[in-house]
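# Descriptive analysis of the structure
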Amino acid sequence: MKTTEILRYVKPKTNSMLIFVQIASGLPILALLICVSLCINMNFGLTTHCTSTNFLPSLSAAVGAKQPQRSTWLLAISISSLLRLVLIPPVMASYQVTFGRILGSGYFSAIRLLFLINTTEIAFLLIMSVIPSSSNYEAHRNTLAVFVLMSVLFMILDSSFFRQLADHTGNSYLVRQACRKRKLLVAYLSTLAIVGTVYYIHTFYCPPYAYTLFSAFEYIAICLNVCYHFVMLGVVHRKPVSAILERPVHGEFFLFCDTSLPL
């Protein structure tokens, strides 16, 4: 087994894509905090069909019906989605370079499928945000379902690929990344299960504060989704911003904290 020398981790420069990754990941959380705070201060979105004993609005109520919450959310999601779409080509190219060198070119098609799923997830998040549940509940519900499905599929495939990469190399950085992704995936799936369960309980039994619990776990699911994508996009955090304009897009080998990587 030969060993390829890998440069030590170097702190990214200020003109790197790190700022893109941070903005793309952080904007939805910032917008959510603003929208929820406004709803609470305005006492809006805290009642449902069966109870008014709630402290938190649901995501749909917080961002979809009233101004300035709706405009704030749409602006943040639009910018975030655009940045994430712009980052997909260099991230996918880096995945292909790294997986190709370590596991072989047979993963190229799987990686293209992975990022097609990611693109679909982003697109349906944007569509879901444009169509509020208050004006078209069925369309909003359906786009939400597709978004959740795509996000789960993406996390499962991506974490699985990283686990194979980590198992094949034994590289400590990859092992940590794979472990981090797996934990985020498990937390995300668990949170979605809680969201579904609490929503069912609220809909059919309507106990006090069930809707508040539902809303809180919705927020947690959003944060976990954002955290996962922040970790995923981080593979290009040291590339210069100008790299997004490169044609053709050039991928680069993942930069590891270890000094060497067995291939």
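About the cut-offs
Residues numbered from 1 in each chain as written. Predicted model: local features only at pLDDT ≥ 70, side-chain atom pairs only at ≥ 80, totals over all residues. Heavy atoms only, no water. UniProt positions renumbered as here; feature names shortened; annotations may be inferred. Helix = DSSP H or I, 4+ residues; strand = E, 2+ residues; numbered from the N terminus. Expected span 1.5 Å × (residues − 1). Buried < 20%, exposed > 50% of the residue type's maximum accessible area, 1.4 Å probe, protein only. Contact = heavy atoms within 4.5 Å. Core = buried A, V, L, I, M, F, W, Y, C linked by side-chain atoms within 4.5 Å. Patch = residues over 30% accessible without salt bridge, like charges linked within 9 Å, V, L, I, M, F, W, Y side chains within 5 Å. Areas by Shrake-Rupley, 256 points an atom, 1.4 Å probe, with all protein chains shown as cover. Salt bridge = Lys/Arg side-chain N within 4 Å of Asp/Glu carboxyl O. Lys, Arg positive; Asp, Glu negative; His and termini not counted. Charge placed at Lys NZ, Arg CZ, Asp CG, Glu CD. Phe/Tyr/Trp six-rings, centres within 6.5 Å; stacked < 30°, edge-to-face > 60°. Lys NZ or Arg CZ within 6 Å of the ring centre and 35° of its normal. Bend = angle between axes of the 7 residues up to and from the residue.

Turning to the UniProt feature "transmembrane region" (unreviewed entry) in the protein, a few remarks are in order. Taking the UniProt record as the reference, the feature "transmembrane region" (unreviewed entry) is found at residues 20-44, 73-95, 107-131, 143-163, 184-202 and 208-231. The span residues 20-44 carries 92% helix and 0% strand; its end-to-end C-alpha distance comes to 33 Å. This span, residues 107-131, is 92% helix and 0% strand, and a straight line between its end C-alpha atoms measures 36 Å.

Another aspect to go through is helix α4 (residues 108-130). Its 23 residues give α4 an end-to-end C-alpha distance of 33 Å, which sits within 8% of 33 Å, the value for a rise of 1.5 Å per residue. Buried residues of α4: I111, L114, F115, I117, N118, E121, I122, L125, M128 and S129, and no others. Contacts from the buried residues of α4 go to α3 (69-103), α5 (137-169) and α7 (210-233).

Further remarks concern the nonpolar core. Of all hydrophobic cores here, the largest spans 38 residues; its most connected members are L87, V91, Y95, F99, F115 and M232. Where this core is concerned, the elements lending two or more residues are α1 (18-42), α3, α4, α5, α6 (172-204) and α7. Considering each element in turn, this core owes the most residues, eight residues, to α5.

In the segment running from Q67 into P68, the intervening peptide bond is cis, with an omega of 5°. If you trace the backbone, P68 turns up in the loop between α2 (59-64) and α3. Despite not being glycine, N43 has its phi angle at roughly 55°, a positive value. Tracing the backbone through its elements, the reader meets N43 in the loop between α1 and α2. Owing to a relative accessible area of 58%, N43 belongs among the exposed residues under this scheme.

Turning to a positive patch on the surface, a few remarks are in order. Judged by side-chain charge, R176, R180, R182 and K183 come together as a positively charged surface patch. Counting through the fold element by element, R180 comes out in helix α6. Overall, the relative accessible area of 38% leaves R180 in the partly exposed class.

What the rule picks out here adds up to 14 aromatic pairs. Taking the centre distance of 5.1 Å and the plane angle of 90° together, the rings of Y95 and F115 count as edge-to-face. Note that Y95 is positioned in helix α3 and F115 in helix α4, a separation of 20 residues in sequence. Neither Y95 nor F115 differs from the other in exposure class; each is buried. Grouping aromatic residues by their ring pairs yields a cluster made of Y95, F99, Y107, F115, F154, F161, F162 and Y228. Looking at K66, its charged tip hangs above the ring of F44, at a distance of 5.3 Å from the centre.

All right, on to α1 then. Its 25 residues give α1 an end-to-end C-alpha distance of 36 Å, which sits within 8% of 36 Å, the value for a rise of 1.5 Å per residue. At G26, α1 shows its largest bend, some 35°, and a proline, P28, comes one to four positions later. Listed in full, the buried residues belonging to α1 are F20, V21, A24, S25, P28, A31, L32, C35, V36 and C39. Among the structural elements, α2, α3 and α7 are those in contact with the buried residues of α1. Just downstream of α1, N43 is the residue with a positive phi angle, here 55°.

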